[in-house]
Amino acid sequence: MFSEEQLEQLRSFPEVSADELIRYFTPTSADVAFVDPGKGRGPVDQLGMLVQLCTLPWLGFVPDDVASAPPAAVARVAERLGVAPAALRLYGRRDQTRSDHLGLIAKYLEWQTAPAGSQAMKELEQFLLDRAMEHDSPTLLFNLAREYLMAAKVIRPGALILAKMVGTARKAASDLTSQLVGHLLTAELRADLERMLAVDAGLGMTRLEWLVSLARDASATSVKTAIDKLTWLRAIDAHQMDVSVLPNERRRFLAQVARRSTNQGLERRKERKFPILLAFVAQAAVDQLDEVVSLFDQAVSARESRAKSKTDEALVERAKKGEVRQLVMEIILPVLADPSIPDDEVGGMLRERIGMQRLREMTSDAWKPLPRDHGRLSELESSYTYLRQFTPNVLAAIDFQGGPGTGELMEAVAVLKEMNRLGGRKVPAGAPSGFVPTKYADYLAKARKSGEDTAYRHFWELCVILCLRDGLRSGDVFVPGSRRYADPATYLYTPEQWAPKRAEYCRLVGKPPNAAEALEQGKEELHEALEELEKTLAGAAPDDTGMVRLDEDEHLVVPPLSAEDVPTEAKALKDELAGMLPFAPIASLLIELDARTHFLDCFTHAGGRKLSTSVETKRNILAVLIAMSTNLGLARMSEACGVSYDVLAWTMEWYVREETLREANTVIVDHHYGLELAKVFGGGTMSSSDGQRFPVRGKTVTGRNMVIHGGQVLSTYTHVSDQWSTYGTKIIVPTAREAHFVLDDFLGNATDLPIAEHATDTHGATLINFALFDLVGKALTPRLRDLTRVTLVRDETPTEIAKRYPHAGPLLGARWNEDLVAGCWPDLLRMAGSLKYGQATASLIVGKWSAASRQNTLAAALKEWGMLRRTVHLAKYLSDPVFRRKISRQLNKGESLHALRRDLHYAQQGTITRPHLEQQTEQAWCLTVLTNSVVAWTTEYYSRAVLELRSQGREVSDEILSHISPGHSDNINFFGVINVDVEAELAKLDTGGWRPLRPAQLRELGLAP
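Residues numbered from 1 in each chain as written. Predicted model: local features only at pLDDT ≥ 70, side-chain atom pairs only at ≥ 80, totals over all residues. Heavy atoms only, no water.

**Digging into the overall build of the chain**
Along its length, the chain carries 43 helices and 16 strands. Over its C-alpha atoms, taken along the principal directions, the chain stretches across nearly 135 × 80 × 65 Å. Taken over 1009 residues, the chain has a buried fraction of 51%. Contacts in the chain between residues far apart in sequence, at least 24 positions, make up 75% of those at least 6 positions apart. As presented, the chain carries roughly 46,800 Å² of accessible surface, and 51% of it is formed by carbon and sulfur atoms. Computed over 120 positive and 131 negative side-chain charges, the inter-centroid distance for the chain is 4 Å. (Helix = DSSP H or I, 4+ residues; strand = E, 2+ residues; numbered from the N terminus. Buried < 20%, exposed > 50% of the residue type's maximum accessible area, 1.4 Å probe, protein only. Contact = heavy atoms within 4.5 Å. Areas by Shrake-Rupley, 256 points an atom, 1.4 Å probe, with all protein chains shown as cover. Lys, Arg positive; Asp, Glu negative; His and termini not counted. Charge placed at Lys NZ, Arg CZ, Asp CG, Glu CD.)

Here's what the structure looks like:
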């Protein structure tokens, strides 16, 4: 677990911070009286005892060499006693004296020792075993044990003893795991798991490799391969394996080891490989089920999108022909309407004016009326054969079930499954068709009327598939055993689970548990906002073009905000500060930042082994971070930094994962949040989110071809604070609605940022989001376009509201359904609590409830509450230009960081080549870590430069500084040879760990870079 050097560090005094110095080394009068009882104890013993007395609550133990205590701590204690600090060098020459004193101190502080075999040690052993079942990292277990002992006021045993206890606990956890799942590991299952590690002749790889590999696209082949995997897992009863006896963290850890280990590595584990593979296949059964349904959704949607594109092209051509016909009508109608032209001359005159050639061209192409969907289903019918390659397999493999209002659809699915099983070609006469959307009903009616059984079969089956897809998206159709496509009700706390949490949750978010009080609270906020809007509209003249106002026709006019007026001083100051910053290669910047934040300590081994603090390991992790964030890739990075590709690939596999990247990013964001200058940029209470497109090469399920972006792209959706730090990153399909993902990282914020308000562009401003943000105690404050088209609500009749608000009242176009909200209020709180406490994923809930059918009462109530919250927001938004400006400024910060990310992600023209979502997510988080590192480093040196200017008597106001962005890379080099030499870079820093600022005279002469 630990090297001798590390063990020695654990036995010794660490450095003491200023806070720790004040907190632990400020002895009370009682402490002084205890070490100086007036019984002849000399100053040396008094000082030694008092140092031990202060050290025990600080470290949980006292190092043997008391004289090596931090000089600052010794000086503080010695001053309190009135003795010389040097006296401590004479203390404890007899070990017995020191240990006797420690015994007295422990009794005085009410601490206890833990000899071998004592009750305290037995309790510690049990604690470590419980924690080892949740985590396998030895360093984490060691630290948890220290925290446990300190909380129990038990003196920590020796570092070696505690390390051995951790090792024993880890082995015991492994043995216990085998015992807990032993009843599942039958001889037959062991044989199946053994075969997973043997190369399958048909596959050309092992079953484990086959199961771990993910689909690269949503083709018919990919769907069938995913079904084959699901079928194989079901054949070994993986979907029925109940491994709930293991803690969630233990299951996750074991499955991760299986995914990341080689066959040889698993074989070397001998008997221990079976629980690992068991946990993997149990999790894979659920993951594979979700993948089958997801690929089915994407494959069907891709063909529907293709049909839509072709239909749109046909509509364009039809519009062109319609324009020609309209021009001809412009000739025909005046002739027909002119009574002076004899009837027998009309035909000849029209043929002469229009021309026979033109008439023949028009009559040769019959003008047929379009169906309600403009022909989209007819166009999709051309993909019928392709869809039949996989849809029967999906229907046979997946147990689709329906909720309220889906009876006919589920009956139709059952009929289609039976037809597929029997090879039937004709839809039975009694097959339901009431589920078919109105826009498609004419296709079926026409085919039935004309007796075209084949056409009817095609259109009916396509409608079944499309409605099934839509039902999965809305949650009206669900799949038992799935996570993403489960019954939406299962995502939430049950009423029984929620009951004991409700009161605490309501206090936490400031919402009344009683519906009547909640409605009254909401209406009070509504009328406060409307009163402000009324004042604004009443005070604005119709010809005042710069104000929100009503025009002469009583229509709302919202002028665009003028560009923000950034003071000239701010631009000049930014240039000056940037000129003072040192110039650093990207690797040097990361090494320096790690020296202050220790963010590299977050990169722990995926197998639970301790992360070595060696220089080589840090170098390798940094090289991988740079390779992924700059898009160089590991092969090019190996050439640039001199570290072999194999070493970088191994480091990427075992250390650089989404969870370690998230943790490292949190450390950097928290460090930045603590900087004084960051507080000038913003209070950390507001954030925004936005998507950024990156080009993609090769097949991937996350990429989509978008003409506006010139090819295939994917989206990274990032959450940015008002301090310029990025605290959330997610890869999403670029055509997916971004609103579904707004709440994910906002609620999952693990940083110290006290964010309470979130801004988006119009993309995030759905009624569901307005409601959920408010119900979790936060505020959604989007920037909206087309405000005149947004429906605002009222709580009174139009007449009453117009009397109360003569100007604003007519804008409130709909009545708010209070009764619906009141009836669903307990369930609305339960839904919000499920999100707040992590019971459900926000994007899953938002997506399901946004697409829910009209029969879903809870979804309707949620949208009603969102209508109220949107009206409150818009009333404030329209009446307060400062509020609008704040939102706009925050969104501009997010867009500014897009440019920095593109600068950093420069290699291969910024094109992402990694095909799988997990890989792309890891790369996106690498880029986020690098972006935040640049922001934090720049902020630090801006602070030092500002202090330098102020020390020269310059007045640099915080107001001017608030307009300066740390999101730029002018002072950082990330091109060419990348030398990752940790020790050499640290040696370049001064005693405080900083680089010198560039002198002004050198900058003026052009001698400094």
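**A look at the packing of aromatic side chains**
This structure, assessed with the given rule, holds 15 aromatic pairs. With centroids separated by 5.4 Å and ring planes inclined at 65°, the aromatic side chains of Trp498 and Tyr505 adopt a geometry described as edge-to-face. Trp498 gets classed as buried once you look at its relative accessible area, which sits at 4%. For the ring pair Trp937 and Tyr941, a centre distance of 4.8 Å and an interplane angle of 45° mean the geometry is tilted. Of the two residues, Trp937 and Tyr941 are both situated in helix α40 (residues 917-951); the distance of four residues between them amounts to about one turn of the helix. The pair Trp937 / Tyr941 is uniform in exposure class, with both members buried. Positioned over the ring face of Phe61 is Arg156, at 3.8 Å from the centre of the ring. (Phe/Tyr/Trp six-rings, centres within 6.5 Å; stacked < 30°, edge-to-face > 60°. Lys NZ or Arg CZ within 6 Å of the ring centre and 35° of its normal.)

**Concerning a nonpolar patch on the surface**
A cluster of nonpolar side chains, Met329, Leu333 and Leu336, forms an exposed patch at the surface whose accessible area comes to about 270 Å². Assignment of secondary structure puts Leu336 in helix α15 (residues 273-337). By relative accessible area, Leu336 is classed as exposed at 54%. (Patch = residues over 30% accessible without salt bridge, like charges linked within 9 Å, V, L, I, M, F, W, Y side chains within 5 Å. Salt bridge = Lys/Arg side-chain N within 4 Å of Asp/Glu carboxyl O.)

**Some words on empty space enclosed by the protein**
Taken as a whole and assessed by the stated rule, the structure comprises five cavities of 30 Å³ or more. By volume, the largest cavity is sized at about 40 Å³. Elements that contribute at least two residues to the lining of the largest cavity include exactly β8 (686-695) and α39 (881-904). Residue classes in the lining of the largest cavity are distributed as one nonpolar, three polar and three charged. (1 Å grid on protein atoms, 1.4 Å probe; cavity = no way out; pocket = protein on both sides within 12 Å on 5 of 7 lines; lining within 4 Å. Points joined across faces, edges and corners; volume = space filled by probe spheres on them. Nonpolar A, V, L, I, M, F, W, Y, C, P; charged D, E, K, R; others polar.)

**So, helix α31 (residues 658-673)**
In this model α31 runs 22 Å from its N-terminal to its C-terminal C-alpha over 16 residues, within 8% of the 22 Å that 1.5 Å per residue would give. Of the residues making up α31, those classed as buried are Thr660, Leu661, Ala664, Asn665, Thr666, Ile668, Val669 and His672. The secondary structure elements touched by the buried residues of α31 are α27 (586-597), α28 (615-630), α32 (676-681), β11 (726-732) and α40. (Expected span 1.5 Å × (residues − 1).)

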